[in-house]
Amino acid sequence: MSKLCCSSCSLESHGTGWVVPDYNTHRAANYFFLLLASVLLLYFRCFPGPKLMILFALGYWIGTEYITPDLDTNSKAYRRWGILRIIWLPYKLCHKHRGVSHSIGLGAAGRIVYFAVVVFGLYWIVCGYQPDVTRVLESIDMLVFLAGIAAANAGHILLDRLF
């Protein structure tokens, strides 16, 4: 990665010809989008209640910090998983950066499904049975949480496309 203009510039070239915002710019923009959306919801009195707002914000935080479109590279988000990043290695090896992982709909859905398969698979190995996945997915709480992850991923990808 090389800075394009100066040491304080937040745009980087990854040797691909793409000029993209760096990691900290993605994080700052995502949190700005979340704050702006929250203020607009309050202003227009569309507040869905504290529980759903917290679940969405938690999903958004996880989508910004841990389950990002950059898990297919040796990114800070990938390294943040520590020893557990091993679970993302097959995903990283199967996805070319800026491929389907940077698709607004398919990218987030693919990461969520991949992670769910890993988590439910580990659950099955440890506990000897599979939890009722349909009950989990029918929960409005889980859908709001997953929407937070998807929204954070969409913000990341839109910021990439702007630059």
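Use the structure listed above.
Since we're looking at a predicted model, the values are computed, not measured.

Asker: Give a detailed account of the overall build of the protein chain, specifying residues and quantitative values.
Answerer: Counting its regular elements, the protein chain contains 7 helices and 3 strands. Element order for the protein chain, N to C, with α for helix and β for strand: β-β-β-α-α-α-α-α-α-α. A total of 163 residues make up the protein chain; the buried ones form 34% of that total. In the protein chain, the proportion of contacts linking residues at least 24 apart, taken out of those at least 6 apart, comes to 58%. For the protein chain, the exposed area adds up to about 9,800 Å²; of that, 71% sits on carbon and sulfur atoms.

Asker: Break down the packing of helix 2 (residues 50-65) against helix 7 (residues 140-162) for me, with residues and values.
Answerer: Here helix 2 crosses helix 7 at 40 degrees, and the two axes come no closer than 7 Å. Overall, the two elements helix 2 and helix 7 adopt an arrangement that is oblique. Where helix 2 crosses over helix 7, the handedness of that crossing is right-handed. For the pair helix 2 and helix 7, the contacting residues are Lys51, Leu52, Leu55, Phe56, Leu58, Gly59, Tyr60, Ile62, Gly63 and Thr64 in the first and Asp141, Val144, Phe145, Ala147, Gly148, Ile149, Ala151, Ala152 and Asn153 in the second. Across the contact of helix 2 with helix 7, the residue classes tally to 12 nonpolar, 5 polar and 2 charged.

The rules we used
Residues numbered from 1 in each chain as written. Predicted model: local features only at pLDDT ≥ 70, side-chain atom pairs only at ≥ 80, totals over all residues. Heavy atoms only, no water. Helix = DSSP H or I, 4+ residues; strand = E, 2+ residues; numbered from the N terminus. Buried < 20%, exposed > 50% of the residue type's maximum accessible area, 1.4 Å probe, protein only. Contact = heavy atoms within 4.5 Å. Areas by Shrake-Rupley, 256 points an atom, 1.4 Å probe, with all protein chains shown as cover. Axes fitted to C-alpha atoms, helices over the stretch in contact; angles between N-to-C directions. Parallel < 35°, antiparallel > 145°, perpendicular 65-115°, else oblique. Left-handed = near helix turned anticlockwise from the far one by under 90°. Nonpolar A, V, L, I, M, F, W, Y, C, P; charged D, E, K, R; others polar.

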